[in-house]
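Summary of the model geometry
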Amino acid sequence: MGWGARTEDADAVFADRAIEVDRTFVSLDTDSGEIVGTTSAYSLTMSMPGGALVPVAGVYLVGVEPTHRRRGVMSSMMRHQLKGLANGGEAVAALWTTDPAIYQRFGYGLATWRSRIELDLARAMFSPRADALASASCARLRQMSVADALPHLAAVHEEIVGSRPGVLARSESRWNFLMRLEDGEPEVVVAMGPEGPVGYVAYRIRPGQSCASPGGEVEVQEISAVDPATHAQLWRYLLGLDLMRTVSAHRPLPDPLVHLLVDLRHLHATIDDALWVRLVDLPRAFGQRAFAAPIDLVLEVTDAVLPANAGRWRVSVDAAGEPAAARPTRGDADLSLDISDLGAAHLGATHLADLALAGRVHEHTPGALAAASLAWSWSPIATCPEIF
Ligand SMILES: CC(C)(COP(=O)(O)OP(=O)(O)OC[C@H]1O[C@@H](n2cnc3c(N)ncnc32)[C@H](O)[C@@H]1OP(=O)(O)O)[C@@H](O)C(=O)NCCC(=O)NCCS
């Protein structure tokens, strides 16, 4: 990764990141016996369309020694890992990648996006309606140390975790890892309602060089609220911080924040890929999420790594909001697509109709694409607020 060798820290890294040793693979050089590649998986719990919290394998730690690249080391680790998962592990795997060119060949598809925003505080203003919304919040904002705030953050997160696909449940060690980074603790403000916490923001400040003009930069680590009024209240707080020039954050796409501003052009955004998803066990994965509309069609699926997913599947959803049943069939296909496209569509944010426009999904029965695209889509849009 270019971080330099830090073998003396290995135990601390394992403990801090809660690396699961029994899910970690290494590749060994057959001559020297030295480790030349690694991959691992976290046992995550992720929210699916419809709000179910399901186990997902969070793949990470993928690396190959620079001296051993392009010899198939990563490929063999990826296949080995997926075959292991197919053999009784999670039905779905997910990852963040440093390089989007890598994982599609192993059946991962781009399931969520995120945008990096920067607000120019000299110009960005809340609209009168947004201001009224923020003022309607019954919560009081309280600045707290991370230690005091953690139980409140966890309570808010527990309330919102099922509200959008892609959000991860968090263990205590994960909270500690996220909030106690090497570069110091973030500032934390908790929105405390009459019956308990209803939102929070964690952020860091890079002060400006001069006291004469506002030059500070606010980097939002996380902002979370159980209702729109608290969400507006927390953003209004950030926009009003003294001596600051910009506020930056990673946001879901589309972002409700743009609707709170008078002029959204004072919010500068760039778009990035976020979570890549892989269906390991197609019928099981379809049974774990809700679909937005009833459907009954035959999919012809290709899967170069896990052949059990390949072939024709009759997929039926009885009613909107229900999971799908998938059974092997010999019937004619209505749509054909690759397992990576089903991974991309799995959280409801990437639409099958868009993949069809890119020539990746093929319609054989008129109307099947529109119906499937609607059934697979989900609102609110999926987002994964943390990199693992
Ligand atoms: C990315 C990395 C793991 C690839 O390992 P590797 O053992 O060289 O990969 P493989 O030899 O199995 O390559 C498999 C295929 O992927 C392609 N590939 C590998 N890395 C790629 C990259 N960064 N961009 C585009 N294609 C890539 C190879 O060209 C090869 O394609 P081919 O089968 O058509 O020839 C390795 O280069 C590495 O450790 N990089 C730095 C860390 C990193 O980026 N890790 C990924 C974190 S998400």
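The model shown is predicted, which means the values in this text are computed figures rather than measured ones.

Concerning the environment of isoleucine 35
Considering the arrangement of structural elements, one finds isoleucine 35 in strand S2 (residues 35-47). A C-alpha to C-alpha distance of 33 Å links isoleucine 35 and valine 167, two positions 132 residues apart in sequence. When sequence neighbours within four positions are dropped, the list of residues in contact with isoleucine 35 reads Val26, Ser27, Leu28 and Glu65.

So, the domain arrangement of the protein
As far as domains go, the protein holds domain 1 (7-113), domain 2 (115-271) and domain 3 (284-376). The gap between the C-alpha centroids of domain 1 and domain 3 is 26 Å. Across the domain 1/domain 3 interface, buried area totals approximately 1600 Å², and carbon plus sulfur atoms make up 64% of it. The largest contributions to the domain 1 side of the interface with domain 3 come from Pro49, Ala91 and Ala111, which together make up 30% of the buried area. The interface formed by domain 1 and domain 3 holds zero salt bridges in total. The interface formed by domain 1 and domain 3 includes three residue pairs in polar contact (both at pLDDT 80 or more). Of all elements in the fold, only S2, helix H2 (73-86) and strand S5 (109-110) reach the threshold of two or more residues within the side of domain 1 that touches domain 3. A total of four residues in the side of domain 1 that touches domain 3 trace back to one element, the largest contributor, which is H2. Along the lines of polarity and charge, the residues of the side of domain 1 that touches domain 3 split into 14 nonpolar, seven polar and four charged.

Section: the site of the ligand
Not every one of the 19 residues close to the ligand is listed here, only the nearest: Val64, Arg70, Gly72, Ser75 and Asp99. Take glycine 72: an N or O atom from its main chain is 2.8 Å from an oxygen atom of the ligand. Considering the ligand on its own, with 890 Å² of exposed area, one finds that the protein chains cover 70% of that surface. Elements represented by at least two residues in the shell around the ligand include exactly strand S3 (53-64) and H2. Here the shell around the ligand is built from residues that sort into nine nonpolar, five polar and five charged.

Here we look at unusual backbone geometry
Cis peptide bonds are those with omega within 30 degrees of zero, and the linkage from leucine 253 to proline 254 qualifies with -5 degrees. Among the structural elements, proline 254 can be located in the loop between strand S11 (244-252) and strand S12 (267-273). The backbone of leucine 61 sits at a positive phi, close to 60 degrees, despite the residue not being glycine. With a relative accessible area of 31%, leucine 61 lands in the partly exposed category.

Quick look at a nonpolar patch on the surface
On the surface, a nonpolar cluster with roughly 230 Å² of combined accessible area is contributed by Val13, Phe14 and Val21. Looking at where valine 13 falls in the secondary structure, it is placed in helix H1 (residues 10-16). Here valine 13 falls in the partly exposed class, since its relative accessible area comes to 31%.

Here we look at the pairing of strand S4 (residues 92-95)
Because side chains alternate across S4, one face comprises the buried residues Val92 and Ala94, and the other comprises Ala93 and Leu95, equally buried. Strand direction decides the pairing type here: S4 and strand S13 (residues 276-279), joined by four bridges, are antiparallel. Bridge pairing in S13 links leucine 95 to tryptophan 276.

Some thoughts on helix H6 (residues 228-239)
With twelve residues, H6 should reach 16 Å at 1.5 Å per residue; the first-to-last C-alpha distance of 16 Å fits that figure. Burial of H6 is extensive: nine of the twelve residues sit out of reach of the surface. Turning to H6, its buried residues number three or more, namely Ala229, Thr230, His231, Ala232, Gln233, Leu234, Trp235, Leu238 and Leu239. The N-capping residue of H6, defined by a side-chain oxygen 3.1 Å from the backbone nitrogen of alanine 229, is aspartate 227.

Observations concerning the nonpolar core
Within the largest apolar cluster, 52 residues are counted, with the highest numbers of intra-cluster contacts made by Phe286, Leu299, Leu342 and Trp376. With five residues, the top contributor of residues to this core is helix H10 (residues 368-376). Mapped onto the domain boundaries, this core takes at least three residues apiece from domain 1 (7-113) and domain 3 (284-376). Discounting residues that sit within four places of it in the chain, leucine 299 has contacts with Phe286, Gly311, Arg312, Trp313, Val315, Leu335, Leu337, Leu342 and Trp376. Counting 30 residues, the second largest nonpolar core, distinct from the first, contains Ala134, Leu239, Ala249 and Leu267.

Analysis parameters
Residues numbered from 1 in each chain as written. Predicted model: local features only at pLDDT ≥ 70, side-chain atom pairs only at ≥ 80, totals over all residues. Heavy atoms only, no water. Helix = DSSP H or I, 4+ residues; strand = E, 2+ residues; numbered from the N terminus. Contact = heavy atoms within 4.5 Å. Domains from an automatic or database assignment. Buried area = accessible area lost by both parts, 1.4 Å probe. Salt bridge = Lys/Arg side-chain N within 4 Å of Asp/Glu carboxyl O. Polar contact = N/O pair within 3.5 Å; in protein donor to acceptor, adjacent residues only side chain to side chain. Nonpolar A, V, L, I, M, F, W, Y, C, P; charged D, E, K, R; others polar. Near = heavy atom within 4 Å. Areas by Shrake-Rupley, 256 points an atom, 1.4 Å probe, with all protein chains shown as cover. Buried < 20%, exposed > 50% of the residue type's maximum accessible area, 1.4 Å probe, protein only. Patch = residues over 30% accessible without salt bridge, like charges linked within 9 Å, V, L, I, M, F, W, Y side chains within 5 Å. Pairing = 2+ DSSP bridges. Expected span 1.5 Å × (residues − 1). Core = buried A, V, L, I, M, F, W, Y, C linked by side-chain atoms within 4.5 Å.

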